[in-house]
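# Examining the three-dimensional arrangement
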Amino acid sequence: MRALVSGFEPFGGRRLNPSGEVLGVLPPRVGAADVTTVMLPVRFADAWAALADAVEEADPDVVVALGQAAGASAVTIEEIAVNLDGPDDPDEAGVRPVDEPIVEGAPLAYRTGLPARGLEAALAAEGIPARRSRSAGAHLCNHVFYRLCHLAATVRPGLRAGFVHLPCLPAQTPDGADPSFSLDLQAAAVRTVLAVTLSAASR
């Protein structure tokens, strides 16, 4: 089996983004599955194109897209992708779509292809705080999540795909005002997400 993990570049003048940093410490295999990664730009015009190209090249059974959730105190498994962009902060190119459908004429929402309840339980069993969420926001995280789900629904029906938000890294909150997870803990969480999802996909 094959898995693809995506993360985002830093944005908003920040030096780090945990979703991108974790890509560099993931192993090339989880169980019997090969793992590849792709870094996405924080631009509406380019993020999905980069991920779609990576899916085409890797031909994965599972795709886990990652993003940063500043202020979060748990790994957050997103359950619902909504066919609507913005309003929210502009992307790195200054683009700010407002109440625009992501895919014209497509369903209003999709449920994740990840086993959300199983992931929450598996992470908690490892002592990693985790929770499920029904809103991935209105920015690029939801945009990429929806496009992934739409791809699985229309072109790649066997694909298990979804989105997971990660808390900040300690270096992003040096005063300790916001929750943070070490990079090792973030990587352990993503490995568990992959292992559980791959197991579900192989049944």
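Being a predicted model, the structure only gives us computed values, none of them experimental.

Turning our attention to the overall build of the chain. In terms of regular secondary structure, the chain is built from five helices and nine strands. Ordered by position in the sequence, the α and β elements of the chain form the string β-α-β-β-α-β-β-β-β-α-β-α-β-α. Principal-axis analysis of the C-alpha atoms gives the chain an extent of 45 × 40 × 25 Å. A sequence separation of at least 24 residues applies to 79% of the contacts in the chain between residues at least 6 apart.

Turning next to the sheet that holds strand S2 (residues 29-30). If you trace the seven strands from one edge of the open sheet to the other, you get S2-S3-S1-S4-S9-S5-S8, paired in mixed fashion. Strand pairing shows two members of the sheet lacking a second neighbour, S2 and strand S8 (130-133), which therefore form its edges. On top of the sheet, helix H2 (residues 47-58) reaches strand S1 (2-8), strand S3 (33-40) and strand S4 (62-68); it is set at about 160 degrees to S3, its chief contact.

Glancing now at H2. Along its twelve residues, H2 runs 17 Å from first to last C-alpha, staying within 8% of the 16 Å computed at 1.5 Å per residue. All buried positions along H2 are accounted for by Ala47, Trp48, Leu51, Ala54, Val55 and Ala58. One side of H2 holds all its buried residues, which, seen down the axis, span an arc of 125 degrees. When the buried face of H2 is taken as reference, the exposed residues oriented beyond 90 degrees from it are Asp53, Glu56 and Glu57.

Core analysis: the largest hydrophobic core is formed by 31 residues, its most contacted members being Leu4, Phe8, Leu51, Val63, Val144, Tyr146 and Leu148. Counting residues per element, this core draws most heavily on helix H4 (residues 140-154), which supplies nine residues.

Rules and cut-offs
- Counting from 1, residues in each chain are numbered in the order their sequence is written.
- Confidence filtering applies because this is a predicted model: local features only for residues at pLDDT of at least 70, side-chain atom pairs given and counted only at 80 or more, and all residues used for totals across whole chains, interfaces and linings.
- Only hydrogens and water are set aside; all other atoms, that is, all heavy atoms of the structure, feed into the side-chain values.
- Counting from the N terminus, the helices are DSSP H or I runs at least four residues long and the strands are E runs at least two residues long.
- The contact rule is simple, with two residues in contact once any of their heavy atoms fall within 4.5 Å.
- Whether two strands pair comes down to DSSP finding at least two bridges between them.
- In this description, a line fitted to the C-alpha atoms serves as the axis of each element, helices being fitted only across the stretch in contact, and the angle between N-to-C directions of two axes falls anywhere from 0 to 180 degrees.
- Each residue after the first adds 1.5 Å to the expected span of a helix.
- Here's how the labels work: a residue is buried when its accessible area is under 20% of the maximum for its type, exposed when over 50%, partly exposed in between, all with a 1.4 Å probe on protein chains only.
- Directions are taken from the helix axis to each C-beta atom, and the arc is the one they span.
- We call a set of buried residues a nonpolar core when its members are Ala, Val, Leu, Ile, Met, Phe, Trp, Tyr or Cys and they connect through side-chain atoms within 4.5 Å of each other.

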